[in-house]
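The lines below spell out each chain.
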Amino acid sequence: MVGIAWIFRREIRPLLPRLRLKHKDTEIDFRLDEAERAAEHLPPPSPESPPPSPEELSKFERLARISPRSAVLELRRSVEDVIRTLANISAPGRTYGSARTLLRTLRIADILGSSAVSLLDDVLAAGNIAAHESNAEITYEDAIRFRDLAERGIQLLEEQLAKRPPISQQP
């Protein structure tokens, strides 16, 4: 088996980033790594976009020390809420389904770019692992990485929200 892999190593190498292996906390690390790579391709945050307040950061860090999984879940819900809000304003009437479905809708409508969707999709996937994989071990460091990526995704979504008038002002 090793010999076959060695013979086809050039053909196998491009497929490795798509490989999904799952063992305890390893899958969440893969998703966070992918989200970090996606974030590298995004433009810098808008200077008008305010960073999280010190109180928000402190609250998250306290929760992450007690229960990293709970901290990730709380932030994942915030990401989903902002996705839903942007979808409600940008594509009224098509805001049913999961946050990932709404992301696809926003991408198809060219409201979000592929790098932003990739980042947010990986953030949601890592959040889903935290929610549904009871044997996944989530560390404080994982929660902090998740926070940094989720906050970047929220900034992107809020920048798009700022470009759109409220629903009551739309034709």
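Right above here is the structure, for reference.
Because the structure is predicted, anything quoted here is derived from the model rather than measured.

Asks: Please set out the pattern of salt bridges residue by residue, giving values where relevant.
Replies: Tallied over the full model, the rule gives seven salt bridges. A salt bridge links Arg 100 to Asp 121, with the shortest nitrogen-to-oxygen separation between them at 2.7 Å. Of this pair, Arg 100 sits in helix H6 (residues 99-108) while Asp 121 sits in helix H7 (residues 114-132), placing them 21 residues apart in sequence. Relative accessible area serves as the criterion here: at 28%, Arg 100 is assigned to the partly exposed category. Asp 110 is the salt-bridge partner of Arg 107, the closest N and O atoms lying 3.4 Å from each other. On the basis of relative accessibility, which here comes to 33%, the residue Arg 107 falls in the partly exposed class.

Asks: Can you tell me about the packing of helix H5 (residues 68-90) against H6, naming the residues and giving the values?
Replies: Between two packed helices, both the angle of their axes relative to each other and the distance between the axes serve to describe the pair. It is the contact of H5 with H6, at a shortest axis distance of 10 Å, that shows an interaxial angle of 40 degrees. It follows from the interaxial angle that H5 and H6 lie oblique. The element H5 and its partner H6 pack so that their crossing is left-handed. Across from Glu 80, Ile 83, Arg 84, Leu 86, Ala 87 and Ser 90 in H5, the residues of H6 making contact are Ala 99, Leu 102, Leu 103 and Leu 106. When the residues that make up the contact of H5 with H6 are grouped by side-chain class, the tally is seven nonpolar, one polar and two charged.

Asks: Describe the packing of aromatic side chains, naming the residues involved and giving the relevant values.
Replies: In the structure shown here, the tally under the stated rule is zero aromatic pairs. The ring of Tyr 140 carries Arg 65 above its face, with NZ or CZ at 4.1 Å from the centroid.

Asks: Let's hear about the packing of H5 against helix H8 (residues 140-162): which residues, and what values?
Replies: Where H5 meets H8, the axes come as close as 10 Å, and the angle between the chain directions of the two elements is 10 degrees. In this view, H5 runs roughly parallel relative to H8, as classed from their interaxial angle. As for how H5 packs across H8, the hand of that crossing is left-handed. In this structure, H5 uses Pro 68, Val 72, Leu 75, Arg 76, Ser 78, Val 79, Val 82, Ile 83, Thr 85, Leu 86 and Ile 89 to contact H8, whose residues at the interface are Tyr 140, Ala 143, Phe 146, Arg 147, Ala 150, Glu 151, Ile 154, Leu 157, Glu 158, Gln 160 and Leu 161. Taken together, the residues that form the contact of H5 with H8 break down as 15 nonpolar, three polar and four charged.

Asks: Can you explain the environment of Pro 165? Please cite residues and give values.
Replies: Inspection of the secondary structure puts Pro 165 in the segment after H8. Counting along the chain gives 75 residues from Pro 165 to Ser 90, while the straight-line C-alpha distance between them is 9.2 Å.

Asks: Help me get a handle on the side chain of Gln 160, residues and values and all.
Replies: Assignment of secondary structure puts Gln 160 in helix H8. Beyond its immediate stretch of four places on either side in the chain, Gln 160 contacts Leu 86, Ile 111 and Leu 112.

Reading the values: the criteria
Residues numbered from 1 in each chain as written. Predicted model: local features only at pLDDT ≥ 70, side-chain atom pairs only at ≥ 80, totals over all residues. Heavy atoms only, no water. Salt bridge = Lys/Arg side-chain N within 4 Å of Asp/Glu carboxyl O. Helix = DSSP H or I, 4+ residues; strand = E, 2+ residues; numbered from the N terminus. Buried < 20%, exposed > 50% of the residue type's maximum accessible area, 1.4 Å probe, protein only. Axes fitted to C-alpha atoms, helices over the stretch in contact; angles between N-to-C directions. Parallel < 35°, antiparallel > 145°, perpendicular 65-115°, else oblique. Left-handed = near helix turned anticlockwise from the far one by under 90°. Contact = heavy atoms within 4.5 Å. Nonpolar A, V, L, I, M, F, W, Y, C, P; charged D, E, K, R; others polar. Phe/Tyr/Trp six-rings, centres within 6.5 Å; stacked < 30°, edge-to-face > 60°. Lys NZ or Arg CZ within 6 Å of the ring centre and 35° of its normal.

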